[in-house]
Amino acid sequence: PARYLVFFQYFGTRYSGVAETRSDQALLGVQNYLEEAAQKLKPSVPIRFHVSSRTDSGVHALCNAAHLDVLRAPGKPQLSRHQLQLSLNYHLRPQPIRILSAHRVSSSFHARFSALSRTYIYRLLLGCAHHSQVPVFEQDLCWAPAGGSLNIPAMQEAAKFLVGTHDFSTFRSLNSDSHSQSPIRTIFQVDIQPSAGFLAHHYEHRGLEFWEVKVRGRAFLYRQVRRMVGALVSVGQGKLAPHHIQELLEVRDPLAFPASAMAPPQGLFLQSVEY
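Heads up: these notes are all about the structure in this document. (Residues numbered from 1 in each chain as written. Predicted model: local features only at pLDDT ≥ 70, side-chain atom pairs only at ≥ 80, totals over all residues. Heavy atoms only, no water.)

So, about the pairing of strand 9 (residues 268–274). Burial within strand 9 is extensive, with five of its seven residues counted as buried. Pairing of strand 3 (residues 60–70) with strand 9, which is carried by two bridges, proceeds in the parallel orientation. Directly across from A61, in strand 9, lies its bridge partner L270. Here strand 5 (residues 117–126) runs beside strand 9; their pairing, made up of six bridges, is antiparallel. Its bridge partner lying in strand 9, T119 is registered against S272. (Buried < 20%, exposed > 50% of the residue type's maximum accessible area, 1.4 Å probe, protein only. Helix = DSSP H or I, 4+ residues; strand = E, 2+ residues; numbered from the N terminus. Pairing = 2+ DSSP bridges.)

As structure tokens, this is what we get:
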């Protein structure tokens, strides 16, 4: 078989996440639709997508990655990368999932384990006193924290404690397989910067502000980014002081994480996977 690396994006609101789910679920995973499209290429062996980075229900991807093996019938030439991209996109219609590019890679390449880093961005909207004030074009694409304003300098100070190699036990959600993973993770970058909204120039008079929290690391624990962003927002709201982020790291206990502080999924985007 020929192995390909594909980069793809999706609008995550209508999916249970990127991972494959049982076909009888109300919401399916992005992987279900990718593999359904791939079977229409009529391969000799069913095609499996090995996804680089798992994302939760409601989380989006500007660019995720996966590798797949394509074995064609005897005598049929291998698909070019352009043929693979165009064919998959044709069969993915009308889902909000797009193959951005495809590349031939060696049989030893693995989309998950070969990745050098992953970058996420989390979009925040300030200036809304109530959720009903979020522009309709931003629905499901950002988080407007209650209160309307945040102390951005305090959040930027707090973000510095998250950079580096730490035990992130406090910042992982407890789930069935969480104990099998090492909580040690290396974070290369946590930046909080102003951003633009979609069609924002049409509602500048409302005084809305968009900000992005950009987080880059080698790999992340389950819901780690959402918990990190939620803690930073708590700092911005004055519920925590910047030094409390360091204390949360040092206590190494998921139960010490502030109740209800995890950021919701809709503001989170996987921006890129680097190889």
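Attention now moves to the packing of helix 1 (residues 30–39) against helix 2 (residues 81–92). Packing of helix 1 against helix 2 leaves a shortest axis separation of 9 Å and a crossing angle of 115 degrees. Classed by the angle they form, the pair helix 1 and helix 2 counts as roughly perpendicular. Classified by chirality, the crossing of helix 2 by helix 1 is right-handed. Contacts from Y33, L34, A37 and A38 in helix 1 reach L88, H91 and L92 in helix 2. Along the lines of polarity and charge, the residues of the contact of helix 1 with helix 2 split into six nonpolar, one polar and no charged. (Axes fitted to C-alpha atoms, helices over the stretch in contact; angles between N-to-C directions. Parallel < 35°, antiparallel > 145°, perpendicular 65-115°, else oblique. Left-handed = near helix turned anticlockwise from the far one by under 90°. Contact = heavy atoms within 4.5 Å. Nonpolar A, V, L, I, M, F, W, Y, C, P; charged D, E, K, R; others polar.)

Attention shifts here to the pattern of salt bridges. Enumeration according to the criterion identifies seven salt bridges in this entry. The shortest N-O distance in the salt bridge between R48 and E20 comes to 2.7 Å. Separated by 28 residues along the polypeptide, R48 in the loop between helix 1 and strand 2 (50–51) and E20 in the loop between strand 1 (2–10) and helix 1 bring together distant segments of the chain. Look at E20 and you get partly exposed, because its relative accessible area is 38%. Here the salt bridges share partners, and the residues they tie into one network are E20, E35 and R48. (Salt bridge = Lys/Arg side-chain N within 4 Å of Asp/Glu carboxyl O.)

Another aspect to go through is unusual backbone geometry. R93 connects to P94 through a cis peptide bond whose omega is 0 degrees. Note on placement: P94 falls in the loop between helix 2 and strand 4 (97–105). Even without glycine at this site, K42 takes up a positive phi of about 60 degrees. Along the chain, the position of K42 falls in the loop between helix 1 and strand 2. Positive phi outside glycine occurs at S260, with the angle close to 65 degrees. The residue S260 is located in the loop between helix 5 (242–251) and strand 9 in this model. The exposure class of S260 is exposed, given its relative accessible area of 81%.

What follows covers the environment of S52. With respect to the helices, strands and loops of the structure, S52 is situated in the loop between strand 2 and strand 3. For S52 and S114, which are 62 residues apart along the polypeptide, the C-alpha to C-alpha distance reads 8.8 Å. Once residues lying within four places of it in the same chain are set aside, the contact partners of S52 are N64, A65, A66, A111, R112, A115, R118, V273 and Y275. There is a polar contact of 3.1 Å between the side chain of S52 and the side chain of S53. Separated by 3.4 Å, the side chain of S52 and the backbone oxygen of A111 make a polar contact. (Polar contact = N/O pair within 3.5 Å; in protein donor to acceptor, adjacent residues only side chain to side chain.)

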